Amino acid sequence: MRGRILTPLAALVFAFPPSTALMSQQPTRPAPLNIPLARKAVVTIQALDASGQLMASGTGFFVTEGYVVTAAHVLEDAAGCRIEMSDGQQQRCSVAAADTAKDVAMLTVSGSPPATLHWGSSESMKDGDEVTVISNPLGQLPGTVSRGIISASRVVRGTKLLQISAAISHGSSGAPVLNARGQVIGIVRSTIEAGQSLNFATATDAIRNLNNDQVAVADGQALLTPKNIVASAGNSGGGARTSMGTPVSLPQISIGQTITGNLTGSDSLYPDTTYYKMYQFTTTPNQEITIDLSSSDFDPVLIVRGEGLAQSIVDDDGGPGCAARVSQAFLARGPYRILVNTTTSPHRQTGRFTLAISQGSQHVQGRSENDCSPAGAAASSVGSQTAVTTIRVGETINGSLTTSDSLYPDNSYFKFYQFTAPAGRPVTIDLASDDFDPVLIVRGSDLDNSIINDDGGPGCYARVSRTFPSAGPYRILVNTTNTPERQTGRFSLSITDGSKPVQEGSAATADCQTTSAASSSGGGAGGGSATHSITVGQTQQGSLTRNDVLLEHDTTYAQPWTIQGRAGQTITIDLESDAFDSYLFLRGPGIEGGRDFQDDDSGGNCHARLTATFPQNGEYEIVVNSAGEHYATGAFTLSVTSGSKPKSVAQCRRNHQ
C-alpha cells in the first residue's frame, strides 16, 4: 500500500489531454448483486376470496413507488389481493394491468417501498449466464435465495421464456430472476415437476411497460372480479363460494339483444383515466357472432375477455365510422365479459352508447380502410397517442422529452414515433442525447417482443439496426434510463438506410459516459464540484475520464463521489475496474489524511477496498482514482456497504501491465 497526500480537489487544475493510446479498452465489471437490499424489494402476494380470506400466495417485487410486479396466475379466481413486505407489514393492493397470455400482472399499492429493483435486458442474456431468484416458497420462507443458470431461451405461443436451473418451489410464482447486476431479466411463472430443474420465467423485455398498454389495462381491471358468497344449504355457520369467474353482479346481454346506456363520471376508471362499463354474455361454442359498440358522444373501444381467449380482444374502429366491432366464433360457452370503453383522448370521455350482439359474421374494418372521423373526438387506435409523429428512413427529428410527456411505471418519460420499414433491407435507428441517457424501444405487431436498446450506439447513445419482417408500421419509443429518475432534455432521433454496428453486453457500457458524468469534477475552473453521490448499501457504475480532475503530482485522474456520514458509522468502500488499477481515498470532516483513509489493492485482483469509520456527522467525499498509471481512464464499479470486510493480501497482478 502506498501513502498519498490528500490534496483538496477544489484546488486541483487540469493539464493537457492524455494520449488515447494510454486509455484501456477493457470492458466494465458488473456490479455485485446486493442480496440484503434486493430482499427488501421482494414481497409476498396474497390472493384473497370475497370474504377476505387467504386463497393462495405467490411472490412479487417493487419496480418503482406504487407498483409491484407478479405472475398473473397468482391472482387467478381471486376477489382481492394483499402484499406482505419483508418486515411483515401488509397492504391491500389492486391490479393496474395484466397480460394473462404472458402470465404477468402489475399491482398498485400505496406508500413508499423499502427498496426497488431495476429492469435489465433479457435480450442481452445468453444461455449459461448465471441468475439469482429471490422468492417466498410455500408462502412461509420469505427472502429465499436460489441460484442457477439460463438453460435455454424459448418462445412459446409468442412469449419469450427463460428456462432456468435455479430451484423453484410452490409460492415462488412472480419472483424476480436477477442477473449479476441485480437487474430483473425474468419473472418466474412455471415449473415442470416431472423433470429436474425445469423452471421457466417470462422475459421482462416483453412486459417492461405493461400499464401503458390499454389491452393490458383491460386485462388487469377484469383480473380481480367480485365473487358471490351464498349460504350453503344446511350450513348455518358459513357460506359456500359459487363458481369462480361468474360475477353475478354484472348486467347480462343476450345474442340478438341491443342495450343503450351511458358512460358517466361515476363509472369505473382505468389507470389510463378512461371510463368503462362491464357486461356479460354466453354463446353457443363455435357460433359466429358480431358485437357492435357505437356512440355519437365519444370514440368507443370494445374489449372482450373470457374463457378460452389467450388474451383480451380489443377493437377501436372496426365498425362503421368510429364504431367498434368484434366478429368471430368463440370456442367456449363463456361467460365472456364485454367492456364498454373509450379512447384515451379526449380525456375522460362520457356519453350515450349502443351495445348490440347479433348472430352471424360481419366485416371488421382494418386500419387501411378506417373511415373514423368523430365530431369533437380524435380517432386513435388502442394504446396509441393522439397524433403520432411519423419519421421516414433518411430523416432526422430533433425533439425534447419534457415533464408533460407520458410516464412509464419506472418513472421515465417517453415519446412515440412511427415509421414504415423498407422491404428486405436493414435500417439503423439511432437515438442520441447529451441531456439524458437514452433508451430506444421499437414495437410492432409482427415482432415477438419489443426491441429495447440502451447503449448500443456510440457513448451512451441507443441504436437498433436490423431488417424488419414487414413494412409495419412500427412504433419507436424515445425513452430514458430510470436512473436518475424522470430525465428530460433534447434528443435526436434518426433512421438511416443500411446496417451499423450495435455494441452489446459489457462493450455497450464500456464507453458510456453521460454529460453529467463528464462534468462532475471538471465542469469549470477549479474542478472538484462533485455531482456524483452514493449512499450506504448502494452500487453505482461510473467512468473515469479525461474530463475528471487531474492530479498533477502523479498525472492520474480523480473523480469525487459524495456520501453522507454519521459519527461512529463503519462502512466498507469497494472500487473495482478492469480498465485501470483501482485506488480510492476518503476525505471530509475530521479526516486529516494518512493511510487509514486510502487504499490500493485490499479488494484483491488489484481492486481497492477501504474500511473506515466516519469521525463525525457530515458530507464526505469518496475519491475514485487510479494507482500510478499515468492518465489512466475507463469504467468502474463503486459500492458502499455497512460494516467491515476482510482485506485481501494477494499481490496485484494485471495482465496488461
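What you see is a predicted model, and the numbers here were worked out from it, not measured in a lab.

Colleague: Please provide a residue-by-residue account of the side chain of Gln 163, values included.
Modeller: Here Gln 163 lies in strand E9 (residues 159-164). There is a polar contact of 2.7 Å between the side chain of Gln 163 and the side chain of Arg 154. Other than its neighbours up to four places away in sequence, Gln 163 contacts Ile 149, Ile 150, Ser 151, Ala 152, Arg 154, Leu 198, Asn 199 and Phe 200.

Colleague: Any chance you could break down the environment of Val 623 for me, citing the residues and the numbers?
Modeller: Tracing the backbone shows Val 623 in strand E42 (residues 618-626). Judged by relative accessible area, Val 623 falls into the buried class, the value being 0%. A sequence separation of 38 residues divides Val 623 from Phe 585, and the C-alpha atoms of the two residues are 5.3 Å apart.

Colleague: Pulling in residues and values, what's your account of the sheet that holds strand E28 (residues 426-432)?
Modeller: Here four strands make up an open sheet; going across it, the order is E25-E33-E28-E31 and the pairing antiparallel. Each of the sheet's edge strands pairs with one partner strand only, and the pair in question is strand E25 (396-401) and strand E31 (462-467). Within the sheet, the average angular offset between the axes of one strand and its neighbour, ignoring direction, is 15°. Sheet topology places E25 next to strand E33 (residues 489-497); six bridges connect them, and they run antiparallel. Residue pairing for E33: Asn 398 is matched across the bridge by Ser 492.

Colleague: Requested: an account of the sheet that holds strand E1 (residues 42-48), with residues and values cited.
Modeller: Read around the closed barrel, six strands run E1-E2-E3-E6-E5-E4, paired in antiparallel fashion. Direction aside, the axes of adjacent strands within the sheet are offset by 40° on average.

Colleague: Requested: an account of the pattern of salt bridges, with residues and values cited.
Modeller: Summed over all chains, the structure comprises 11 salt bridges. Between Asp 292 and Arg 325 there is a salt bridge whose closest N-O contact spans 2.7 Å. With Asp 292 in strand E18 (residues 288-294) and Arg 325 in strand E21 (residues 324-329), this residue pair connects regions lying 33 residues apart in the sequence. Considered together, Asp 292 and Arg 325 belong to a single accessibility category, that of buried residues. Of the charged contacts, one joins Asp 435 and Arg 490 as a salt bridge, the two residues approaching to 3.2 Å between their closest N and O atoms.

Rules used in this analysis
- Residues numbered from 1 in each chain as written.
- Predicted model: local features only at pLDDT ≥ 70, side-chain atom pairs only at ≥ 80, totals over all residues.
- Heavy atoms only, no water.
- Helix = DSSP H or I, 4+ residues; strand = E, 2+ residues; numbered from the N terminus.
- Polar contact = N/O pair within 3.5 Å; in protein donor to acceptor, adjacent residues only side chain to side chain.
- Contact = heavy atoms within 4.5 Å.
- Buried < 20%, exposed > 50% of the residue type's maximum accessible area, 1.4 Å probe, protein only.
- Pairing = 2+ DSSP bridges.
- Axes fitted to C-alpha atoms, helices over the stretch in contact; angles between N-to-C directions.
- Salt bridge = Lys/Arg side-chain N within 4 Å of Asp/Glu carboxyl O.

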